[in-house]
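Structure at a glance
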Amino acid sequence: MTDTSARTMGRRMTIGNGGTSALMAGVAGFGLGMMVSAGRKAASQAATFAAGDWFEGLKAEHQAARTLLEQLAATREEDVAKRAALVLELQYAMGKHQVQEEYVIYCVVAEHGQSDVAEALNTDHFEVKQGLYALEMIGKAKGPGFLEKVAAIRTAFESHVREEEDVVFPTLQAMLTEDEKEALTSRMNREGFKVA
């Protein structure tokens with residue numbers, strides 16, 4: 001092997017090893033990112049999962065959203081950054097919650113002969129989504145009506161939650177066997193974890 005060939009081969013090995021090192025670093029970074037994401041998702045779903053029952057888990061999420069709405073109602077006009085952070089947190093919490101209900105719970109409600117009820121609950125969700133969007137826009141524009149919009153969302157939310165917790169969900173719970181309750185809880189938590 002000539003001197004030039006040896007140097008070229010040495011450079012290729014160095015570049016090859018550097019490329020391998022970069023690839024390994026990239027794989028490690030991706031793996032770490034996936035672990036962090038999974039940890040965040042698990043933390044986000046933890047309270048619902050810990051409830052051990054689909055109905056209790058949803059009630060815990062209702063209470064968490066209620067707390068965020070109360071915090072928003074207690075803000076002042078000059079609390080622009082706080083309002084924005086709370087709206088974002090509420091949108092995130094409500095989005096995850098609504099996916100669990102819409103993709104799992106309402107489908108089971110409809111399967112048990114209450115399609116009209118499931119459809120009405122879906123409509124309620126859309127109204128809350130519209131309200132949260134409007135709230136975000138009011139906050140960004142620093143426009144008037146922020147607290148009035150919070151009050152309207154709270155009223156719609158409480159009406160929706162009362163119907164679910166007092167009528168729809170207890171009725172569904174009574175129709176399900178223990179195995180069905182367990183399967184429903186598992187499926188709901190899986191959907192929540194996906195979007196957490």
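Shown above is the structure to which this text applies.
Reference entry: report on the structure contained in this document. (Residues numbered from 1 in each chain as written. Predicted model: local features only at pLDDT ≥ 70, side-chain atom pairs only at ≥ 80, totals over all residues. Heavy atoms only, no water.)

1. Brief notes about the environment of lysine 181
Mapping lysine 181 onto the fold places it in helix H6 (residues 178-195). With 126 residues separating them along the chain, lysine 181 and phenylalanine 55 place their C-alpha atoms 9.1 Å apart. Sequence-distant contacts of lysine 181, defined by excluding residues within four places in its chain, comprise Trp54, Gln173 and Leu176. (Helix = DSSP H or I, 4+ residues; strand = E, 2+ residues; numbered from the N terminus. Contact = heavy atoms within 4.5 Å.)

2. A look at unusual backbone geometry
Even without being a glycine, lysine 142 presents a positive backbone phi close to 55 degrees. Mapped onto the elements, lysine 142 comes out in the loop between helix H4 (115-141) and helix H5 (146-175).

3. A look at the side chain of threonine 185
For threonine 185, the location among the structural elements is in helix H6. Discounting chain neighbours no more than four positions away, the residues touching threonine 185 are Gly52, Asp53 and Trp54.

4. Remarks on the environment of cysteine 107
Positionally, cysteine 107 belongs in helix H3 (residues 80-111). Judged by relative accessible area, which is 39%, cysteine 107 ranks as partly exposed. (Buried < 20%, exposed > 50% of the residue type's maximum accessible area, 1.4 Å probe, protein only.)

5. Brief notes about the packing of aromatic side chains
A complete count under the given rule lists three aromatic pairs for this structure. On the basis of an interplanar angle of 70 degrees and a centroid distance of 5.2 Å, the ring pair of tryptophan 54 and phenylalanine 169 is categorised as edge-to-face. Residue tryptophan 54 is found in helix H2 (residues 54-73), and its partner phenylalanine 169 is found in helix H5; the two are separated by 115 residues along the sequence. The exposure class assigned to tryptophan 54 is buried, which follows from its relative accessible area of 0%. By relative accessible area, phenylalanine 169 is classed as buried at 0%. Look at phenylalanine 55 and phenylalanine 169: their rings are 5.7 Å apart centre to centre, the planes differ by 85 degrees, and that puts the pair in the edge-to-face class. (Phe/Tyr/Trp six-rings, centres within 6.5 Å; stacked < 30°, edge-to-face > 60°.)

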